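Notes for the structure review
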Amino acid sequence: MSELSELYQQVILDHNKKPRNFRKLESANHSAEGYNPLCGDHLTVYLKLEDDAVKEVTFEGSGCAISKAAASMMTQAVKGKGKQDAEALFAAFHRMVTGEAYEASASDLLGNLKIFEGVREFPVRVKCATLPWHTMHAALNNKELVSTE
Ligand code: ZN
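Being a predicted model, the structure only gives us computed values, none of them experimental.

What to know about the sheet that holds strand S2 (residues 41-50)
Reading across the sheet, the four strands line up as S3-S2-S1-S4 and stay open at both edges, with mixed pairing between neighbours. Of all strands in the sheet, those with a lone pairing partner are strand S3 (53-62) and strand S4 (145-147), marking the two edges. Each strand of the sheet is rotated relative to its neighbour by a mean of 20°, with strand direction disregarded. Sheet analysis places S2 next to S3, joined by nine bridges and oriented antiparallel. Note on S3: the bridge partner recorded for Leu43 is Gly61. Helix H2 (residues 65-78) rests against S2 and S3 of the sheet, and its axis sits at about 170° to S3.

Below you can see the structure in the form of structure tokens.
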């Protein structure tokens, strides 16, 4: 577990310092705004969907290190995926960080996102980690605003 938490810290710090896909996407055809009032995390997720697949995904906004790293890794994870696969990943990620059981197949799906598993021990932080995913899900489904409240 200590090895995992060390990796977790390194990855969070790295993504917080150099968030991937951190920009507005001019060609986006879907977007949503997410807000976590408990922590103050606030971000917008931009998606370019083509033939029900995520061609491009970016985000911008401000928030704590966990929300920013989670958003950064979310964009890497869903880019190039079909809508259904992106939704399946969201469901698996959500189950993992809220401590619900998830299937072995979901574990493979999650890949390096599994470093967020430790978040379940910090209930306040769960919303920080899931906010980018809720927002991506909202964008996919044409909802414009999501709040974790
Ligand atoms: Zn936060």
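Structural notes on the pattern of salt bridges
Per the stated rule, a full pass over the model turns up six salt bridges. The salt bridge partner of Lys18 is Asp14, with a shortest N-O separation of 3.4 Å. The shortest N-O distance in the salt bridge between Glu56 and Lys79 comes to 3.7 Å. One end of the pair, Glu56, is in strand S3; the other, Lys79, is in the loop between H2 and helix H3 (83-97), with 23 residues separating them in the sequence. One salt-bridge network, held together by shared partners, links Asp14, Lys18 and Arg20.

Quick word on the packing of H2 against helix H5 (residues 123-140)
Where H2 meets H5, the closest approach of the two axes is 8 Å, and the angle between their N-to-C directions is 35°. For the pair H2 and H5, the crossing hand works out as right-handed. Touching Ile66, Ser67, Ala70, Ala71, Met74, Ala77 and Val78 of H2 are Arg125, Cys128, Ala129, Pro132, Trp133 and Met136, all from H5. For the contact of H2 with H5, the per-class residue count stands at 11 nonpolar, one polar and one charged.

What about the coordination of the zinc ion?
Around the zinc ion, the donor atoms from the protein are Cys39 (SG), Asp41 (OD), Asp41 (OD), Cys64 (SG) and Cys128 (SG), and they sit 2.2 to 2.6 Å away. Of note, the donors binding the zinc ion are all from one chain and are spaced C-x1-D-x22-C-x63-C. In this pair, Cys64 sits in the loop between S3 and H2 while Cys128 sits in helix H5, placing the two residues 64 residues apart along the sequence. A relative accessible area of 1% means that Cys128 is categorised as buried.

Overview of empty space enclosed by the protein
Within this structure, the stated rule accounts for one cavity of 30 Å³ or more. Estimated volume of the largest cavity: approximately 40 Å³. For the largest cavity, the full set of lining residues is Phe22, His42, Leu43, Phe59, Glu60, Gly61, Ser62, Gly63, Ser67 and Lys68. Elements with a contribution of two residues or more to the lining of the largest cavity: S2, S3 and H2. The element that contributes the greatest number of residues to the lining of the largest cavity is S3, accounting for four residues. Taken together, the residues of the lining of the largest cavity break down into three nonpolar, five polar and two charged.

Conventions and cut-offs
- Residues numbered from 1 in each chain as written.
- Predicted model: local features only at pLDDT ≥ 70, side-chain atom pairs only at ≥ 80, totals over all residues.
- Heavy atoms only, no water.
- Pairing = 2+ DSSP bridges.
- Helix = DSSP H or I, 4+ residues; strand = E, 2+ residues; numbered from the N terminus.
- Axes fitted to C-alpha atoms, helices over the stretch in contact; angles between N-to-C directions.
- Contact = heavy atoms within 4.5 Å.
- Salt bridge = Lys/Arg side-chain N within 4 Å of Asp/Glu carboxyl O.
- Left-handed = near helix turned anticlockwise from the far one by under 90°.
- Nonpolar A, V, L, I, M, F, W, Y, C, P; charged D, E, K, R; others polar.
- Donors = N, O, S within 2.8 Å, 3.2 Å for Na, K, Ca; no water.
- Buried < 20%, exposed > 50% of the residue type's maximum accessible area, 1.4 Å probe, protein only.
- 1 Å grid on protein atoms, 1.4 Å probe; cavity = no way out; pocket = protein on both sides within 12 Å on 5 of 7 lines; lining within 4 Å.
- Points joined across faces, edges and corners; volume = space filled by probe spheres on them.

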